[in-house]
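The chain contents come next:
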Amino acid sequence: MALQDLILTLSRFWSERGCLLQQPLDVEVGAGTMHPETFLRVIGPRHWNVAYVQPSRRPADGRFGENPNRLFKHHQFQVILKPSPDAAQRLYLDSLEACGIDPTRHDVRFEEDNWESPTLGAWGIGWQVLLDGLEITQFTYFQQAGGMDLAPISVELTYGLERIAMHLQGVDDVYDLDWAPGVSYREVRHREEVEQSKYAFGQVDLPAGEFGRTHRDLFDRYYRLGEQLLASGLTLPALDHCLKCSHTFNLLDASGSIGVTERAAYILRVRKLAVAIAEAHAEWERSQLSDGGAGAAATGGVDG
Amino acid sequence: MSMEYRELLLEIGCEEMPASWIPGIEAQLADRLTARLNEMRIAHRTPVRTFVAPRRLVATVAELAERQSDLEETVTGPPVRAAFDANGEPTRAALGFARKQGVDVSDLARVQTPKGEYLACHRRQAGGDTRSVLGGVLAATLRDLAFPKAMRWDATLEDGRGEFPFGRPVRWLLLLYGSRVVPFEIGRTQGAEASGVAPVRAGSVTYGHRFFGGDGNPREPIEVTSFADYRDRLEKACVLIDREDRRARVTRELEDRANEVSGRLAPLDQQSALHAEVPDLVEHPAVVTGTFPGEFLALPDEVLSTTMVHHQHYFPVVDEQGRLSAHFLAVTNTPGDDPARGARIAGNSERVLVARLRDARFFWDADRTQRLDDRLGRLDTLLFHKRLGSYRDKSERVAELAERIAGDVLGQSTAVAAAARRAAALCKADLATDMVGEFPELQGVMGGVYAREQGEPEAVWKAIYHHYLPIGVGADDPPSRDALGEAAASWAAVALADKADTVVGLFGAGEKPTGSRDPLGIRRQAQGMLRILLDLPELTGMEARVSVGQLLRPARNMHAKDDDEWSKVYWALDRKWKDGRSVVGIEEDTGINPQRVEDLLDEHQSEVRQFKAKDGWTGFALKSRPVDFLLERLRYLLEERGFDRRNVRAVTHQPLDEIRPLDARRKLEVLPEFTETSDFQTLATLFKRVRNIARELPDGSSWNETVLTEPAEVALRDELTTRRSVIDAAVETGAGFRAAFAEAARIGPAVDRFFNDVFVMADDLKLRNARLGLMQRVEQVILQLADVSEIVPETSS
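Residues numbered from 1 in each chain as written. Chains lettered and ligands numbered in written order. Predicted model: local features only at pLDDT ≥ 70, side-chain atom pairs only at ≥ 80, totals over all residues. Heavy atoms only, no water.

Draft legend 1. Layout of the packing of aromatic side chains. All chains considered together, the criterion is met by 35 aromatic pairs over all chains. Geometrically, the ring pair formed by Trp364 of chain B and Tyr450 of chain B is stacked, given 5.5 Å between the ring centres and 25 degrees between the ring planes. You can see Trp364 of chain B sitting in helix α9 (residues 339-367) and its partner Tyr450 of chain B sitting in helix α14 (residues 445-453), a full 86 residues away along the chain. No difference in accessibility class separates Trp364 of chain B from Tyr450 of chain B, as the two residues are buried. With a centroid separation of 5.4 Å and an interplanar angle of 70 degrees, the aromatic rings of Phe384 of chain B and Tyr391 of chain B are classed as edge-to-face. By the ring-pair criterion, three or more aromatic residues cluster together here, those being Phe77, Tyr92, Phe110, Trp127, Phe139, Tyr141 and Tyr159 of chain A. In this structure, Lys394 of chain B packs its charged tip against the face of Phe384 of chain B, placed 4.7 Å from the ring centre. The ring centre of Trp461 of chain B lies 5.0 Å from the NZ or CZ of Arg452 of chain B, which sits over that ring. (Phe/Tyr/Trp six-rings, centres within 6.5 Å; stacked < 30°, edge-to-face > 60°. Helix = DSSP H or I, 4+ residues; strand = E, 2+ residues; numbered from the N terminus. Buried < 20%, exposed > 50% of the residue type's maximum accessible area, 1.4 Å probe, protein only. Lys NZ or Arg CZ within 6 Å of the ring centre and 35° of its normal.)

Draft legend 2. Fine view of the sheet that holds strand β5 (residues 109-113) of chain B. Residues and elements named next belong to chain B. Pairing within the open sheet is antiparallel, and its three strands lie in the order β4-β6-β5. Both edges of this open sheet fall to β4 (71-79) and β5, since each of them pairs with a single strand only. Strand-to-strand twist of the sheet, defined as the mean angle between neighbouring strand axes without regard to direction, takes the value 45 degrees. Packing against the sheet, helix α3 (residues 92-101) makes contact with β4 and β6 (116-125), and its axis sits at approximately 160 degrees to β4. (Pairing = 2+ DSSP bridges. Axes fitted to C-alpha atoms, helices over the stretch in contact; angles between N-to-C directions. Contact = heavy atoms within 4.5 Å.)

Draft legend 3. Inspection of the packing of helix α30 (residues 737-757) of chain B against helix α31 (residues 765-783) of chain B at higher detail. Residue and element names in this part refer to chain B. Between α30 and α31, whose axes approach to 12 Å, the crossing angle comes to 160 degrees. Classified by the interaxial angle, the pair formed by α30 and α31 is roughly antiparallel. Of the two elements, α30 crosses α31, and the hand of that crossing is left-handed. Contacts from Ala744, Ile747, Val751, Phe754 and Phe755 of α30 reach α31 at Arg771, Leu774, Met775, Val778 and Ile782. (Parallel < 35°, antiparallel > 145°, perpendicular 65-115°, else oblique. Left-handed = near helix turned anticlockwise from the far one by under 90°.)

Draft legend 4. Summary view of the pattern of salt bridges. Residue and element names in this part refer to chain B. Counted under the stated rule, the structure contains 88 salt bridges over all chains. Residue Glu456 is joined to Arg422 by a salt bridge in which the shortest nitrogen-to-oxygen separation is 2.6 Å. Note that Glu456 is positioned in the loop between α14 and α15 (458-465) and Arg422 in helix α12 (residues 414-426), a separation of 34 residues in sequence. A relative accessible area of 11% places Glu456 in the buried class. Given a relative accessible area of 26%, Arg422 falls into the partly exposed group. Close ionic contact of Arg645 with Glu639 constitutes a salt bridge, the shortest N to O distance being 3.7 Å. The partly exposed category is assigned to Glu639, whose relative accessible area is 29%. Linked by salt bridges that have partners in common, Asp31, Arg32, Arg36, Glu39 and Asp144 make up one network. (Salt bridge = Lys/Arg side-chain N within 4 Å of Asp/Glu carboxyl O.)

Draft legend 5. Structural view of the confidence of the model for chain A. Across chain A, the average pLDDT comes to 93, with 94% of residues at or above 70. Of the regions scoring below 50 in pLDDT, residues 293-298 of chain A engages in eight contacts with residues more than four places distant in sequence or in other chains. (pLDDT = per-residue confidence, 0-100.)

Draft legend 6. Spatial organisation of the interface of chain B and chain A. Contacts between chain B and chain A engage 52 residues on the former and 51 residues on the latter. Carbon and sulfur atoms supply 46% of the area that chain B and chain A bury against each other, a total of about 4200 Å² over both sides. The largest per-residue losses of area from chain B upon contact with chain A belong to Arg152, Phe211 and Arg219 of chain B, which jointly make up 16% of the total buried on that side. Taken together, the links from chain B to chain A amount to six salt bridges. The closest approach of N and O atoms between Arg188 of chain B and Asp86 of chain A, which form a salt bridge, is 2.7 Å. If you look at where chain B meets chain A, you find 27 residue pairs in polar contact (both at pLDDT 80 or more). Secondary-structure elements contributing two or more residues to the side of chain B that touches chain A are β18 (324-333) and α9 of chain B. For the side of chain B that touches chain A, the element with the most residues is α9 of chain B, which contributes eleven residues. Taken together, the residues of the side of chain B that touches chain A sort by class into 22 nonpolar, twelve polar and 18 charged. (Buried area = accessible area lost by both parts, 1.4 Å probe. Polar contact = N/O pair within 3.5 Å; in protein donor to acceptor, adjacent residues only side chain to side chain. Nonpolar A, V, L, I, M, F, W, Y, C, P; charged D, E, K, R; others polar.)

Draft legend 7. Here's a closer look at a negative patch on the surface. On the surface, Glu598, Asp599, Asp602 and Glu603 of chain B cluster together into a patch of negative charge. Structurally, the position occupied by Asp602 of chain B is in helix α23 (residues 594-603). (Patch = residues over 30% accessible without salt bridge, like charges linked within 9 Å, V, L, I, M, F, W, Y side chains within 5 Å. Areas by Shrake-Rupley, 256 points an atom, 1.4 Å probe, with all protein chains shown as cover. Lys, Arg positive; Asp, Glu negative; His and termini not counted. Charge placed at Lys NZ, Arg CZ, Asp CG, Glu CD.)

Draft legend 8. Focus on unusual backbone geometry. In this chain, Ala151 of chain A is followed by Pro152 of chain A through a cis amide linkage whose omega measures -5 degrees. As for its position among the elements, Pro152 of chain A is in the loop between β8 (148-149) and β9 (155-160). Leu469 of chain B connects to Pro470 of chain B through a cis peptide bond whose omega is -10 degrees. Here Pro470 of chain B lies in the loop between α15 and α16 (481-484). Of note, the phi angle at Cys238 of chain B is positive, near 70 degrees, even though the residue is not glycine. When you line up the elements, Cys238 of chain B lands in the loop between α5 (227-236) and α6 (243-260).

Draft legend 9. Focus on the sheet that holds strand β16 (residues 285-291) of chain B. All names here are of chain B. The strand order across the open sheet formed by four strands is β15-β17-β18-β16, and the pairing between neighbours is antiparallel. The open sheet is flanked by β15 (264-265) and β16, the only strands paired with a single partner. Sheet analysis places β15 next to strand β17 (residues 314-318), joined by two bridges and oriented antiparallel. Considered in β17, the bridge of Arg264 is made with Val318. This element, helix α8 (residues 301-312), spans β17 and β18 of the sheet and lies at about 145 degrees to β17. The strands touched by α9 within the sheet are β16, β17 and β18, with β16 carrying the most contacts at an inclination of about 55 degrees.

Draft legend 10. Spatial organisation of the domain arrangement of chain B. For chain B, the assigned domains read domain 1 (5-68 + 129-236), domain 2 (243-367), domain 3 (373-554) and domain 4 (671-796). Centre-to-centre, using C-alpha coordinates, domain 3 of chain B lies 43 Å away from domain 4 of chain B. (Domains from an automatic or database assignment.)

Draft legend 11. Spotlight on the pairing of β17 of chain B. All names here are of chain B. Among the five residues of β17, five are classified as buried, and the element is accordingly described as predominantly covered. Burial along β17 is two-sided: Tyr314, Pro316 and Val318 facing one way and Phe315 and Val317 facing the other are all buried. Pairing geometry for β17 and β18, over four bridges, is antiparallel. Considered in β18, the bridge of Phe315 is made with Leu329.

Draft legend 12. Quick peek at the nonpolar core. If you look at the biggest cluster of nonpolar residues, it comprises 170 residues, and the most contacted ones within it are Phe292 and Leu601 of chain B. In terms of residue count, helix α17 (residues 488-508) of chain B provides more of this core than any other element does, 14 residues in total. Setting aside chain neighbours within four positions, we find Leu601 of chain B in contact with Trp566, Val569, Leu573, Val583, Ile586, Val608 and Phe620 of chain B. Ranked by size, the runner-up nonpolar core spans 89 residues in total, among them Tyr175 of chain A together with Val48, Val52 and Phe147 of chain B. (Core = buried A, V, L, I, M, F, W, Y, C linked by side-chain atoms within 4.5 Å.)

Draft legend 13. Fine view of the domain arrangement of chain A. All names here are of chain A. We note that the domain assignment places domain 1 (3-200) and domain 2 (210-293) within chain A. Computed over C-alpha atoms, the centres of domain 1 and domain 2 are 23 Å apart. Every contact between the two is made by 23 residues of domain 1 and, on the other side, 27 residues of domain 2. Approximately 2300 Å² of surface area, both sides summed, lies buried where domain 1 meets domain 2, with 72% of it carried by carbon and sulfur atoms.

Draft legend 14. Main features of helix α22 (residues 583-590) of chain B. Residue and element names in this part refer to chain B. Every buried residue belonging to α22 is among Val583, Gly585, Ile586 and Thr590, and all of these are buried. Projected down its long axis, α22 shows its buried positions confined to an angular sector of 155 degrees, all on one face. Following α22 by one or two positions, Gly591 has its phi on the positive side, about 75 degrees. (Arc of directions from axis to C-beta.)

Draft legend 15. Up close: the environment of Thr722 of chain B. All names here are of chain B. Its place among the elements puts Thr722 in helix α29 (residues 711-733). In this structure the C-alpha to C-alpha distance between Thr722 and Ile747, which are 25 residues apart in sequence, comes to 9.7 Å. A polar atom in the side chain of Thr722 sits 2.5 Å from the backbone oxygen of Asp718.

Draft legend 16. Inspection of helix α28 (residues 678-694) of chain B at higher detail. Residue and element names in this part refer to chain B. Helix length check: α28 (17 residues) gives 24 Å between terminal C-alpha atoms against 24 Å at 1.5 Å per residue, within 8%. Taken as a whole, α28 carries its principal kink of about 40 degrees at Leu686. When we look at burial in α28, the residues that qualify are Phe680, Leu683, Ala684, Leu686, Phe687, Val690, Ile693 and Ala694. Contacts made by the buried residues of α28 are with α27 (672-675), α30 and α31. (Expected span 1.5 Å × (residues − 1). Bend = angle between axes of the 7 residues up to and from the residue.)

The structure is reproduced here in structure tokens:
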């Protein structure tokens, strides 16, 4: 099954089970969790079921296109079910079967792995799903976002698309994957990995220290603008800029431009803005309800 | 009416519980259910048995009474003398009591109590049907279970407490009493009301293995009638509910598989944790054998093992020579009945492992292109603690400290001291390597390996390799003599220096463990440090009897050396035993002017206790001192080794700085031989009196033994002169404590006779002082060994 068929299969599977199909966030993020369809939708009482692909940039994982398993940018298939249905695990396993993974032919396990994002003030309880020892999915019951207790509880499924595709296609090198029949992952993405890795690790023709300075400056500008947007009541643009800060910080980190002490301070700053955004969104949710929205499910419940 | 007993069977079907919780939950469930049954007066002739597997918490009682026992209680009312007036009529107190109990005064009984005779009401309440109260028992038991981290899952219980967090979501409930379902329900919150969310209602069914249960359809419920039936059906459905069954199967299969490839399980420490965990990761274990390309065997064993054990939960296999082989064993959650499936899983596991090994090899190659020395610059950016600087700063402190400890404290040659200094300077450099970035559990070990690779001598690289150990009380044992080789002395110096620096530094920075909170692991560090001192000869062959102060003093100086004025004041306050310190005294110790000292004390008032000294000056002392903390840790360590609590106190009575842990241990090893002898008990019993009386001797008074003439006092003086040389010698050399305690015990009868025959507080000042002086000498001689008054036999204390 080609990578794009995997995406189609998962999209169809979840669409048929009541999920709205969203599109990726058009801002650089490290994970699908940062998309407002997750980070903001899990807050408040309104029910919501959604699925989307999220290209996820992890500058520190860039390997110049030379490592068969690590990527500057990988792809997640993200599902949010709110509230989490009783059959969440079963639905997930059905989705694997739909992709051609028969659990009775393998060793499929749910091993404890609680997820936490210090920058988003978010955490959850759950597992990594292992397929013959390979982590293919993070399965999380969200407990908090933006430092707030959540109710009802959402379940988040984050599929690692490249890994699942590699398993399905039986290849050991991600670049050998078929993205589409006859078109390899290498053809689609290799050049991007090389160039983005060079960028992420600061291999740029700039005077010494200039790379770091530029990105610190970018961080500060995004941050100030983010605060300003939030103060102006523009929560979603504020989140965009908060995420830009997060990504810029990741670039600074990967390129070795910041020490550990400073690192913690950056994380704290992003978190502060993210928490303020989450709170503003919670406030907006409350105002919607009191305006007569009555918390009706925007999409239907998900049956087992 | 005779009581009928029936079987109770409970299964809480849940999503996968973390493996590390399972042993604890199994014990808790038995404990809590037993307590709740007792509380509800439901008798059980057989104990509560519990079993936990990843997807189920199971409890059963073979014989549980079908009715609660009757409640019989006696409620005590007013005293009889207050219950009736002079005419024998009931008073308001008696009437009120009777009314409250719902009976006539004439129905009240009288009971005798230690306080006199009281009115009482005997009440008897018939027990209810067990079936009708089991729901309450279950609800209370569920609430009782404490998980390391509970989660909210939109659930509620109708016990008046509302939301019901649990370890993992509950998906089914099996609750049978006498083979009939007992009604029970876990409700769901209003906010989660949706078509796929429903209450969990108790029923008579269970579910088998997630993938291999049932006849072709693991989602089919399995109807059960009794525990035996349940256990049997689940075993057929590929679930072993008993951890011991799973563990035995794991052990057997691991051995078999290792034999098949002519190997055996690698004897690694980490594997004991893996052995404990693996049976709780699966409901039905089956082991498969995988193989990785031999080229990866060029990686250090530590990296191979960590990748397999830590990251993939695989067991490494060694060959006949004990060398790591290219095989590994993976415990799967499958029936193990299909060779094709086994081969498929093994093949896939190999690919995952190889990908990780390839990464590790990349780090291994990259890290070795730079010497550890060249990584020290990067440590500047790694913060150890905001008030104690970077890891670079820490390495520099530890290097100086390790050199001093090796030379001054352990009495080693300058060559050894130099090796210790070198090892300490490099010991944190691996924090800046990619390998430790990827495998943090290899810190120290990797530094040692890289030091070896760059040609450092054994005394250096092994000291780095092992410097984190030992940690805590039992786990993470110190390295063996064999493993240390040439590095025994340098390792001890570096390990002690690193830990002393951490403990002293963090305390000074206001980080102290409180109750169960010890986020920086200071307790474990302190215990590690004390363990090295306690076992120094066995660990290193060195006989140094190091006092705690010999370690702490240089560590304190190292921290006080900074420009941080408060840390100077802090250590000045810590140094003083019991008494606090005046502002003037602090000035003397630190050279900081009094006004500034007062400001600093004011600034840190949360850490400082202020008091009025006897002579009228204002004293300051630390509220919580490292010395108290360390003394408590030392006593704890010794008690953990099985030494009697009173004996431990007796040999650790000195100010902490003066205690030599090794001496304390050696005294404790022989002390039990004496504590039961009558001579020793005589001494112990009288010793408090000796100490109290000795205190009467005014400071600075002189006294002359020659005025002692009474036979009992002369005998005591002579006894003391005879005995003390052996005692003094033992205390001096740290050897011969058995003989010393024997001599000390013999002084006991002479002290007894002295107290019987001699009146100490004679009017004649010279005579009195001589007698008091004799008491003081007895005190001094014995105290060097132990404060034996702590060992007074329990009956006479």
